[in-house]
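One letter stands for each residue in the lines below.
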Amino acid sequence: MYKLNSGFRWTCTTEIERKVGNFTFELEEQDSDIRELEAQHLSHAAPINHHDENVSHQKLTKSANEKQLEYLLSNLLMYGVLIASSVVLFGGILYLIKHGSELAEYQVFRGTPSEFQSPTGVINAVFAGSKRGIIQLGLLILIAIPILRVIISFLTFLLQRNFIYVIITSLVLASLTYSLFSAYI
């Protein structure tokens, strides 16, 4: 049994010697693990070589291109989600103004109308003044944001000639494209 003493160290409160069957085990010392960790900590706290510090600092800092890409993608995600949620909220408010007092008929199932099953149908419904079309448009914008993020990443990596990331993002883009257009093929 171990106990935390006032010096914030774990000490053993059981017997130093314990007999199990025919074997006798003796503890080397009570705080051997803690002393080992302290020794490791002190050995790592030795004077740091400035060359190693510069190398590690270079690995942690980002280039201007990386910072610019990060800034662009973070703003795309942030403002894209804000725009998409605003469009959905606006469409939802308009929909509730018109249909908010109607009773829901849960006995009859009505599927998605055919006009909302394609992006062009949603855009046509918005131009026709459909409130559900505005909600669907907000959802389409929300779906398009991560796809646009992958496209921007792909183009940036292509311009930087970072071909490993070009291959990875092209695989992700191909997967997204296939999942979107496989319903129409």
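Residues numbered from 1 in each chain as written. Predicted model: local features only at pLDDT ≥ 70, side-chain atom pairs only at ≥ 80, totals over all residues. Heavy atoms only, no water.

## Considering the overall build of the protein chain
- Looking only at helices and strands, the protein chain has six helices and four strands in total.
- For the protein chain, the α and β elements follow one another from N to C terminus as β-β-β-β-α-α-α-α-α-α.
- Within the protein chain, the fraction of its 185 residues that count as buried is 16%.
- Partitioning the intrachain contacts of the protein chain with sequence separation of at least 6 by distance along the chain shows that 43% fall at a separation of at least 24.
- As displayed, the protein chain offers around 15200 Å² of accessible surface, 63% of which is attributable to carbon and sulfur atoms. (Helix = DSSP H or I, 4+ residues; strand = E, 2+ residues; numbered from the N terminus. Buried < 20%, exposed > 50% of the residue type's maximum accessible area, 1.4 Å probe, protein only. Contact = heavy atoms within 4.5 Å. Areas by Shrake-Rupley, 256 points an atom, 1.4 Å probe, with all protein chains shown as cover.)

## So, the environment of Thr 156
- Among the secondary structure elements, Thr 156 is positioned in helix H5 (residues 131–160).
- Along the chain, Thr 156 and Asn 65 lie 91 residues apart, while their C-alpha atoms are 8.9 Å from each other.
- Reaching out from Thr 156, the side chain makes a polar contact with the backbone oxygen of Ile 152 at a distance of 2.8 Å. (Polar contact = N/O pair within 3.5 Å; in protein donor to acceptor, adjacent residues only side chain to side chain.)

## Examining a nonpolar patch on the surface
- Judged by side-chain polarity, Leu 148, Ile 151, Leu 155, Leu 158 and Phe 163 come together as a nonpolar surface patch covering roughly 420 Å² of accessible area.
- Top contributing element to the nonpolar patch by residue count: H5, with four residues.
- Along the chain, the position of Leu 148 falls in helix H5. (Patch = residues over 30% accessible without salt bridge, like charges linked within 9 Å, V, L, I, M, F, W, Y side chains within 5 Å. Salt bridge = Lys/Arg side-chain N within 4 Å of Asp/Glu carboxyl O.)

## Side note on the confidence of the model for the protein chain
- The predicted model of the protein chain averages 79 in pLDDT, with 71% of residues at 70 or higher.
- Of all the helices and strands in the protein chain, strand S3 (residues 17–20) carries the lowest mean pLDDT, 54, while H5 carries the highest, 92. (pLDDT = per-residue confidence, 0-100.)

## Looking at the nonpolar core
- Leu 69, Leu 73, Leu 76, Ile 152, Phe 154, Phe 157 and Val 166 together form the largest nonpolar core, which totals seven residues.
- Elements with a contribution of two residues or more to this core: helix H3 (64–99) and H5.
- Among residues more than four places away in sequence, those in contact with Leu 73 are Arg 149, Ile 152 and Ser 153. (Core = buried A, V, L, I, M, F, W, Y, C linked by side-chain atoms within 4.5 Å.)

## Observations concerning the pattern of salt bridges
- For the structure on display, the rule yields one salt bridge.
- The partner of Arg 110 in a salt bridge is Glu 105, and the shortest N-O contact between them spans 3.2 Å.
- Using a relative accessible area of 58% as the deciding quantity, one classes Arg 110 as exposed.
- Judged by relative accessible area, which is 45%, Glu 105 ranks as partly exposed.

## Remarks on the environment of Lys 62
- Along the chain, Lys 62 turns up in the loop between helix H2 (50–60) and H3.
- Given a relative accessible area of 40%, Lys 62 falls into the partly exposed group.
- Setting aside residues no more than four positions away along its own chain, Lys 62 makes contact with Lys 67 and Glu 70.

## Quick word on H5
- Between its terminal C-alpha atoms H5 stretches 44 Å, which fits the 44 Å expected from 30 residues at 1.5 Å a residue.
- Taken as a whole, H5 carries its principal kink of about 25° at Ile 145; the proline Pro 146 stands between one and four residues after it.
- What H5 keeps buried is the set Gly 133, Ile 134, Gly 138, Ile 145, Ile 147, Val 150, Ile 152, Ser 153, Phe 154, Thr 156 and Phe 157.
- Elements in contact with the buried residues of H5: H3, helix H4 (119–127) and helix H6 (163–181).
- Two to three positions downstream of the cap, the backbone nitrogen of Arg 132 sits 3.4 Å from a side-chain oxygen, assigning the N-cap of H5 to Ser 130.
- The positive-phi residue at the C-terminal boundary of H5 is Arg 161, with phi of around 60°. (Expected span 1.5 Å × (residues − 1). Bend = angle between axes of the 7 residues up to and from the residue.)

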